[in-house]
Amino acid sequence: MSGSPATAVLAVVGAGPRATGLLERIGANAPELWDGKGELRIHLIDPHPPGPGRVWRDEQSALLRMNSMAEDVTMFTDESSTIDGPVRPGPSLAEWAAQFSGRGPRHAPYAEPADPEVLAELRSLGGTDFPTRRAQSAYLDWVFRRALAQLPPTVTVEWHRTTATAVTGSPDGPQYVHLAGRATPLTADLVVLAQGHIGSTPAAEHRAHAAFARRHHRFHLPPEFSADADLSALRPGEHVVLRGFGLAFIDLMALLTEGRGGTYRTEADGSLTYLPSGREPVLHVGSRRGVPYHSKTRYQLQGPRPPLPRHFGPEAVDALLAEGRPLDLRRDVWPLMAKEIGFGHYHELFHAHPERTTVPWPDFVAAYDRLDWYADDMAGLVAAAVPDPADRLDFETLDHPLDGLAFPAPDAFQAHLRERIARDVARREDPEFSADLGAFLALLSVYGQLPRLVAGGRLTARSVAEQLDGWWHGFFSFLASGPPGFRLRQLLALSRAGVVRFLGAGIRIGTDEATGTFTAAGSTVPGHTLHATALIEAYLPRPSLDRTEDPLLRDLHRAAALTEEVIADPTHTHRSGLLAVSAADGHVLDPSLGGTHPRRIALGAPTNSRAVAAFARPRTNAPAFRQNDAVARALLCALSSQFPKGEMATSSI
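Residues numbered from 1 in each chain as written. Predicted model: local features only at pLDDT ≥ 70, side-chain atom pairs only at ≥ 80, totals over all residues. Heavy atoms only, no water.

Trainee: Explain the overall build of the protein chain here, please?
Mentor: For the protein chain, the helix and strand inventory stands at 17 helices and 21 strands. By the compact-globule yardstick of 26 Å for 653 residues, the protein chain fits well, its C-alpha radius of gyration being 26 Å. With the C-alpha coordinates aligned to their principal axes, the bounding extent of the protein chain is approximately 75 × 65 × 65 Å. When contacts within the protein chain are restricted to residue pairs at least 6 apart in sequence, long-range pairs at least 24 apart make up 75% of them. Within the structure as shown, the protein chain displays about 26,000 Å² of accessible surface, and the carbon and sulfur contribution to it stands at 53%. The centroid of the 65 positive side-chain charges in the protein chain is displaced by 3 Å from the centroid of its 74 negative side-chain charges. (Helix = DSSP H or I, 4+ residues; strand = E, 2+ residues; numbered from the N terminus. Rg over C-alpha atoms; globule rule 2.2 N^0.38 Å. Contact = heavy atoms within 4.5 Å. Areas by Shrake-Rupley, 256 points an atom, 1.4 Å probe, with all protein chains shown as cover. Lys, Arg positive; Asp, Glu negative; His and termini not counted. Charge placed at Lys NZ, Arg CZ, Asp CG, Glu CD.)

Trainee: Honestly, the packing of aromatic side chains in this entry has me stumped. Any pointers?
Mentor: Geometry of an aromatic ring pair is reported as the spacing of the ring centres plus the angle between the planes. Scanning all chains against the criterion turns up 31 aromatic pairs. For the pair F343 and W361, a centre-to-centre distance of 5.9 Å together with 50 degrees between the ring planes defines the contact as tilted. Highlighted residues: F343 in helix α8 (residues 329–352) and W361 in helix α9 (residues 361–370), separated in sequence by 18 residues. Between the aromatic rings of Y447 and F476, the centroid separation amounts to 4.7 Å while the plane-to-plane angle is 25 degrees, which identifies the pairing as stacked. Highlighted residues: Y447 in helix α13 (residues 435–455) and F476 in helix α14 (residues 461–480), separated in sequence by 29 residues. (Phe/Tyr/Trp six-rings, centres within 6.5 Å; stacked < 30°, edge-to-face > 60°.)

Trainee: How should I be thinking about the pattern of salt bridges in this particular structure?
Mentor: Here the structure, examined in full by the defined rule, presents 37 salt bridges. With a closest N to O distance of 2.2 Å, R134 and D115 form a salt bridge. Taken together, the residues span a long stretch of sequence, with R134 in helix α4 (residues 133–149) and D115 in the loop between α2 (93–97) and α3 (116–124) at a distance of 19 residues. Accessibility expressed as a relative area gives 11% for R134, which makes it buried. Overall, D115 belongs to the partly exposed group, its relative accessible area being 22%. Among the salt bridges present, the one from D399 reaches R289, with a minimum N-O distance of 2.8 Å. With a gap of 110 residues between them, D399 in helix α11 (residues 395–399) and R289 in the loop between β12 (282–286) and α7 (314–322) connect regions that are remote in the sequence. By relative accessible area, which is 5% here, D399 ends up buried. (Salt bridge = Lys/Arg side-chain N within 4 Å of Asp/Glu carboxyl O. Buried < 20%, exposed > 50% of the residue type's maximum accessible area, 1.4 Å probe, protein only.)

Trainee: I would appreciate a short explanation of empty space enclosed by the protein in the present structure.
Mentor: Think of a ball as big as a water molecule: rolled over the atoms, this probe shows where empty space is left. Using the criterion set out here, one finds five cavities of 30 Å³ or more in the structure. In this structure, the largest cavity occupies an estimated 50 Å³ of space. If you tally residues by element for the lining of the largest cavity, the top one is helix α1 (residues 17–33), at three residues. (1 Å grid on protein atoms, 1.4 Å probe; cavity = no way out; pocket = protein on both sides within 12 Å on 5 of 7 lines; lining within 4 Å. Points joined across faces, edges and corners; volume = space filled by probe spheres on them.)

Trainee: Even after reading the chapter, I still don't get helix α15 (residues 485–496), so can you show me in this structure?
Mentor: The α-helix winds at 3.6 residues per turn, so residues separated by three or four positions along the chain end up facing the same way. For α15, spanning twelve residues, the distance from its first C-alpha to its last is 17 Å, which sits close to the expected 16 Å at 1.5 Å a residue. Of all the residues in α15, the buried ones are G485, R487, L488, Q490, L491, L492, A493, L494 and S495. Buried positions along α15 lie against α6 (247–256), β10 (263–266), β11 (272–275), α12 (410–428) and β13 (500–504). In the stretch just after α15, G498 is the one whose phi turns positive, near 80 degrees. (Expected span 1.5 Å × (residues − 1).)

Trainee: Mind showing me how you'd approach the pairing of strand β1 (residues 8–13) here?
Mentor: Consecutive side chains of a regular strand alternate in pointing toward one face of the sheet and then the other. Where burial is concerned, most of β1 is hidden: six out of the six residues are buried. Here β1 shows no split at all, with A8, L10 and V12 on one side and V9, A11 and V13 on the other all buried. Note that β1 and strand β2 (residues 40–45) share six bridges and pair parallel. Considered in β2, the bridge of A11 is made with H43. Chirality of the crossover, the property in question, places the unit of β1, α1 and β2 among those that are right-handed. (Pairing = 2+ DSSP bridges. Right-handed = clockwise from strand over helix to strand, strands pointing away.)

Trainee: Would you explain the environment of F486 in this entry?
Mentor: Relative to the helices and strands, F486 resides in helix α15. C-alpha of F486 to C-alpha of G27: the two residues are 459 residues apart in sequence and 39 Å apart in space. Those residues in contact with F486 that lie beyond four places of it in its chain are R65, F130 and E429.

Trainee: Please explain the sheet that holds strand β5 (residues 175–179) as it appears in this structure.
Mentor: The strand order across the open sheet built from three strands is β4-β5-β6, with neighbouring strands paired in antiparallel fashion. Edge strands, defined here as strands with exactly one partner in the open sheet, are β4 (164–168) and β6 (186–188). Each strand of the sheet is rotated relative to its neighbour by a mean of 25 degrees, with strand direction disregarded. Relative to β5, β4 runs antiparallel, the two being bridged by four bridges. Across the sheet, the residue bridging to T168 is Y176, located in β5. (Axes fitted to C-alpha atoms, helices over the stretch in contact; angles between N-to-C directions.)

What follows is the structure, encoded as structure tokens:
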């Protein structure tokens, strides 16, 4: 069929959470910006179900869980959102789930999930529970259906269950989106790329390890999304090195233990005992820090919410950019970031636990505001006002937990790390330490300010490479994006059972041709080298346009119709692997045009906007929600007025 010339057409490549959030914002802004006289047809292209997309699809193991509590997951704007469009509140995952047990109101369009296991989970899901990814999949499916239901009648959506392989068309004319298995491309006025997290082919180091594994008939897994990993070739009792101690490791740990029939027994003291099935391999895990990510907190603030931002907000970013000189993140920016995180921490400590402080909050904060984070007077202020070192915030100790420690034998280190993990879990589940949650909220606030600083172009290339994309990303994840406490209790049980062994910090991977084994050594147990017949890179694939598995991005990259973010200065050149877009509006930078492409926009991962998370914690003014709103408004304005009606694309379906 053919649409009328007055029909505007938008193609969105990807139909996961980011595309769903954009669709919700289009619906919210349409009453103001879409005149309703013409039609807007939106094509969603994704082989995976709209709403969840690939990463959050229902078809994955029920063992895989989120690392956020159900009450901390939302897809909706709220009173904290600083957007030009209307705020349209909606339920968190926990509030949405409550309808299925009668504990909360129904949310239209109401429909019970077809999977009885998912429905049973939703009926019992509490706000402080950590849901399965399949429960989140059901929530995202509903968010998508609600977004569809709230579109005006003149806006229609069609899902194409296939892969977009290319986009062609001149910058001043219609765009043609080519689809796998279809001869005729879709024709659109504008194209949004919202593929989300994308895999990449192995880097040189991983290709070398894969070749070694093939020569010696060993097992090697490069960075991979856990739900997609094929672990079936790992034999019972086989010794496996896992490099990485974050969320990917936790997922793999569950799949290789419970996923192979093992179970946990809860003892009288609340500890867990692992009951092996006999099918498990032996997992040897190490990383740069040598310890797992910090457990997620499982409590709410005990005091009032800290007023953020305070020390690292828009004014601070403006002041840094106005200096007109190259900025080093650790030297020039981190002290402000640290002070902001410290403010969140101490605000909660003084308001919720004043008995553990020696001065009134107004006196403390008046002095705190005047001092630099690393000033001697700041250290003195904190030491005098907060007597217990356990209540103070020490970033250097947090960042390097095993520095200065060496153990004579692996067994001694096992006991040490088990004790450390147990303390961390206890602290993160005890509201007496709710200052940690205050720091977490400030971390989120800091994270939301950084994209504008990066876009300002003042950070040196080396600082972006080594400090922002390197150190900061890892440190943020280590503190704020760890596993639920129950996962770390399971880790302790697996360690006691000998199924998991800790390798320590500074992990180095090698190969031994004589024995045909992978080797692992580190700094924590000097002189100890482990030999194993399998190696797993237990972290997600890093972004790489050169090695992307996405056919559309690969085609555009080869045609020089988009470019990787490259930050260069006289001392360093940083190639981030991220898709370069305009910081102002998300338009793709097209080298052949010498600027941005007027009809192609890209959102979220894998772009250099660095506003990756598609959903967020409520009341945190999420960067992705702000970007979704701005892009939705720009799309509606462009589609309704920028292109003369005679230049609008004619639908080809």
